[in-house]
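In case you want the letters, here they are:
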Amino acid sequence: MRYFLIGFMGSGKTYWASRWSEAFELPLIELDAAIEGRAGCSIAEIFAQKGEAHFRKMEAALLREYLKKDNYILSCGGGTPCFHRNMKCMNLKGVTIYLKSTPDELALRLAGEQNKRPLLKEVAKEKLPQVIATQLKRRESCYSKAIYHFDTRYITNENFERILRRHSL
Ligand code: S3P
């Protein structure tokens, strides 16, 4: 089975995907890292040199390559579900899991990491919660299409274990 972790930047997708990958011996794919590997440069550089539309095309193309494979847990980028019908494709081909956080929690986690996130790079620290809240509201309709929703304050390994029991053959 294919498992997809989705959620806003800073929601812990990479953290939980790698914990669950280790705990349940499931190969891990980090879509952002795979894009960087394919492009030979960082996501910040892709955005700066070729723009967001180019990044979204690469993201959608690489995701579709992985959809042809099976048996993994894939950590998406924050915007992955919201472009090029990616959410629909992931729901058709696997199990989607939304890691849900509040704008304040996300702002706390993202405060030291804005440089790595082109979409937040220019945002003043004091405006971060507001900007995140606005962006999250826009994306919520995509994220909410996930099969499972978890509040990031209470996630444990058992959450994923139950999903595995239900979906793996
Ligand atoms: C993005 C999130 C990032 C990365 C890119 C765009 C977004 O991934 O894909 O900077 O649109 O929310 P993370 O959620 O892993 O930070």
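Report on the accompanying structure. Starting afresh in each chain, residues are numbered from 1 along the sequence in its written order. Under the rules for a predicted model, residues below a pLDDT of 70 receive no local features and side-chain atom pairs below 80 are neither given nor counted, while totals for whole chains, interfaces and linings still include all residues. Think of the side-chain values as coming from all heavy atoms in the structure, minus any hydrogens and water.

**Re the site of the ligand**
Part 1 of the argument: Definition of nearness: a residue and a molecule or strand are near each other if at least one heavy atom of the residue lies within 4 Å of the molecule or strand. The environment of the ligand is formed by 13 residues, the closest being Lys13, Asp32, Arg56, Gly78 and Arg139.
Part 2 of the argument: Contact distances for the ligand include 3.2 Å between an oxygen atom and a backbone N or O atom of glycine 79.
Part 3 of the argument: Taken atom by atom, the bulk of the ligand overlaps the largest pocket. N or O atoms within 3.5 Å of each other form a polar contact, as long as, within protein, one can give a hydrogen and the other can take it, and as long as residues adjacent in sequence are counted only when both atoms are side-chain atoms. With a 1 Å grid spanning the protein atoms alone, the term cavity applies to any set of points in which a 1.4 Å probe fits but cannot get out, the term pocket to an open set with protein on both sides within 12 Å along at least five of seven lines, and the term lining residue to any residue with an atom within 4 Å of a point. Assignment of a molecule to a cavity or pocket requires that more than half of its atoms lie within 2 Å of the corresponding grid points.

**Some thoughts on the pattern of salt bridges**
Part 1 of the argument: Whenever a carboxyl oxygen of Asp or Glu lies within 4 Å of a side-chain nitrogen of Lys or Arg, that contact is scored as a salt bridge. The tally for this structure, following the rule as stated, stands at 8 salt bridges.
Part 2 of the argument: When the shortest N-O distance is used, the salt bridge between glutamate 140 and lysine 100 registers 3.2 Å. With a gap of 40 residues between them, glutamate 140 in helix α7 (residues 128-143) and lysine 100 in strand β4 (residues 95-100) connect regions that are remote in the sequence.
Part 3 of the argument: By relative accessible area, which is 23% here, glutamate 140 ends up partly exposed.
Part 4 of the argument: In this structure, the salt-bridge partner of arginine 153 is aspartate 151, at a minimum N-O distance of 2.6 Å. Runs of E in the DSSP output that reach at least two residues are strands. Runs of H or I that reach at least four are helices, and both are numbered from the N terminus. In this scheme, a residue with accessible area under 20% of its type's maximum is buried, one over 50% is exposed, and one in between is partly exposed, where area comes from a 1.4 Å probe on protein chains only.

**Some words on the packing of aromatic side chains**
To describe a pair of aromatic rings, you give the distance between the ring centres and the angle between the ring planes.
Part 1 of the argument: Only the six-membered ring of Trp is used, alongside the rings of Phe and Tyr, when aromatic pairs are assigned; centres must lie within 6.5 Å, and planes under 30 degrees apart are stacked while those over 60 apart are edge-to-face, with the rest tilted. According to the stated counting rule, one finds 10 aromatic pairs in the structure shown.
Part 2 of the argument: Arranged with centres 6.1 Å apart and planes meeting at 80°, the rings of phenylalanine 4 and tyrosine 72 form a pair that is edge-to-face. Highlighted residues: phenylalanine 4 in strand β1 (residues 2-6) and tyrosine 72 in strand β3 (residues 72-75), separated in sequence by 68 residues.
Part 3 of the argument: With a relative accessible area of 2%, tyrosine 72 lands in the buried category.

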